[in-house]
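Descriptive analysis of the structure
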Amino acid sequence: MILILEPNVDRSAEPFSQLAQHLDSLKGIEYTIHDVHGRGQVLTEVYLLGDTASLSRDAMRSLPCVARVVRVQESYRILGRHGEAQRQEGFTYNGVTFSQDTLNVFAGLCAVDVPEHVEIMMRALKEHGQPCTRMGAYKPRTNPYSFQGHGASCLPGVFELAGKYDIKVIAMEVTHESHVEEIDEALEATGHPTGVMLQIGTRNTQNFELLKHVGRQKRHPVLFKRGFGITLNESLNAAEYLASEGNPNVVFALRGMKTGGGDPHRNMVDFAHVPVVKRLTRMPVCVDPSHSVGSRDMSPDGLPDVYHVTAQGVISGANMVLVDFHPNPAKALVDGPQALRMGELPWFLDDVAIAREAYLKRRSRADAHHANPTS
Ligand code: PEP
Ligand code: MN
């Protein structure tokens with residue numbers, strides 16, 4: 001059960017102490033308190049654990065400071081919506097807001113190779129007013145002899161260039177808990193010129209010990225990739241590990257499913273789940289068209305498949321796009337065949353904006369219908 005308190009509740013004031021005293025007196029019930037920082041207000045939520053079935057909703061609703069009471073399903077207690085359309089969601093990190101209403105594009109290198117390519121990428125992003133990017137330093141590879149990423153050695157250079165080009169958030173995969181420490185050390189050594197969104201890759205979706213470790217730190221938000229061979233419910237439960245350990249600032253990424261049914265795409269594009277994840281949880285939803293499609297193939301209408309599936313995600317309300325670019329895809333050390341070319345950046349961003357505009361129009365049309373169901 002979750003008690004949603006009145007906005008901006010003062011935890012040092014008498015009504016809150018009365019509430020806490022009452023909760024302390026409940027036998028067999030433990031509770032934890034979480035602040036959810038949203039636009040312009042802080043909502044405090046109290047999570048009650050234990051024998052909550054015996055608690056009456058009305059009695060809990062009448063306690064001081066309590067605005068709403070939500071009975072939660074067993075799964076995704078913190079990240080879930082539990083039928084509440086208005087539960088506060090979203091977060092701001094290093095000046096960039098992530099919510100189910102915003103849209104941020106993370107165009108960048110799948111893997112950091114040479115500093116020149118990092119710089120070309122970041123300069124182009126700055127020219128186009130983009131504050132976010134993706135940069136892989138630790139690459140989980142199918143083949144042990146493939147390039148594994150430059151790891152910690154490339155981090156200071158990447159972070160310094162990010163500072164130079166006003167990049168605020170870099171999505172960067174971590175495959176081991178020590179990588180979080182290495183990232184923190186490099187940020188510290190370079191004077192925190194940028195922020196890092198820690199990425200959990202699809203191969204680690206159910207690496208629960210890694211999830212617990214990443215969930216225990218609250219410095220960085222997390223980009224959590226859906227598992228490519230498990231159900232959506234299993235992936236959402238895995239994301240909940242991050243929140244249950246203390247970090248609810250999680251973006252959920254769809255990146256396609258491994259099934260021959262998606263051929264000739266690298267994976268079966270699963271962006272029909274954008275609205276589903278938004279309905280079931282409060283997480284902003286990311287789409288990764290590059291790892292879904294896996295190539296630069298173009299259809300006769302002149303639009304590459306990567307553009308088409310990006311638009312399909314964005315027109316359904318996606319909140320983030322993670323997309324591979326490379327100044328010289330033929331030389332890329334990882335995933336060159338799917339990387340878009342630098343010269344395409346303005347075209348790609350315009351194509352995203354067109355899809356976003358269509359989504360916002362669709363929302364207004366839906367609002368009009370719900371206000372007047374015969375319209
Ligand atoms: C990536 O984004 O670089 C990546 C490896 O993605 P995924 O975990 O979805 O395969
Ligand atoms: Mn990749």
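Please refer to the structure placed before this passage.
Just so we're clear, the structure is a prediction, and the values are computed from it rather than from any experiment.

A few words now on the site of ligand 1. As a matter of local geometry, ligand 1 sits amid Cys110, Arg134, Lys139, Glu173, Gln199, Gly201, Thr202, Arg203, Lys225, Arg255, Asp288 and His291. Arginine 134 has a polar side-chain atom sitting 2.7 Å from an oxygen atom of ligand 1. Contact distances for ligand 1 include 2.6 Å between an oxygen atom and a side-chain N or O atom of arginine 255. Taking 300 Å² as the accessible area of ligand 1 by itself, protein coverage stands at 97%.

The next point concerns the coordination of the manganese ion (ligand 2). At 2.0 to 2.3 Å from the manganese ion (ligand 2) lie its protein donor atoms, namely Cys110 (SG), His291 (NE2) and Asp335 (OD). Histidine 291 gets classed as buried once you look at its relative accessible area, which sits at 9%.

General note: in soluble globular proteins, nonpolar side chains tend to be found buried as a group. In this structure, Met122, Met135, Phe159, Ile183 and Phe348 are the most contacted members of the largest nonpolar core, which totals 75 residues. Ranked by residues supplied to this core, first place goes to helix 7 (residues 232-244) with 6 residues. Each of two domains, domain 1 (2-70) and domain 2 (103-368), supplies a minimum of three residues to this core. Ignoring sequence-local partners within four residues, the contact set of methionine 135 consists of Leu109, Cys110, Val112, Val118, Met121, Met122, Val158, Ile170, Ala171 and Met172. Among the nonpolar cores identified, the runner-up in size contains 17 residues, and Val9, Leu63, Val66 and Val69 belong to it.

Rules used in this analysis
Residues numbered from 1 in each chain as written. Chains lettered and ligands numbered in written order. Predicted model: local features only at pLDDT ≥ 70, side-chain atom pairs only at ≥ 80, totals over all residues. Heavy atoms only, no water. Near = heavy atom within 4 Å. Polar contact = N/O pair within 3.5 Å; in protein donor to acceptor, adjacent residues only side chain to side chain. Areas by Shrake-Rupley, 256 points an atom, 1.4 Å probe, with all protein chains shown as cover. Donors = N, O, S within 2.8 Å, 3.2 Å for Na, K, Ca; no water. Buried < 20%, exposed > 50% of the residue type's maximum accessible area, 1.4 Å probe, protein only. Core = buried A, V, L, I, M, F, W, Y, C linked by side-chain atoms within 4.5 Å. Helix = DSSP H or I, 4+ residues; strand = E, 2+ residues; numbered from the N terminus. Domains from an automatic or database assignment. Contact = heavy atoms within 4.5 Å.

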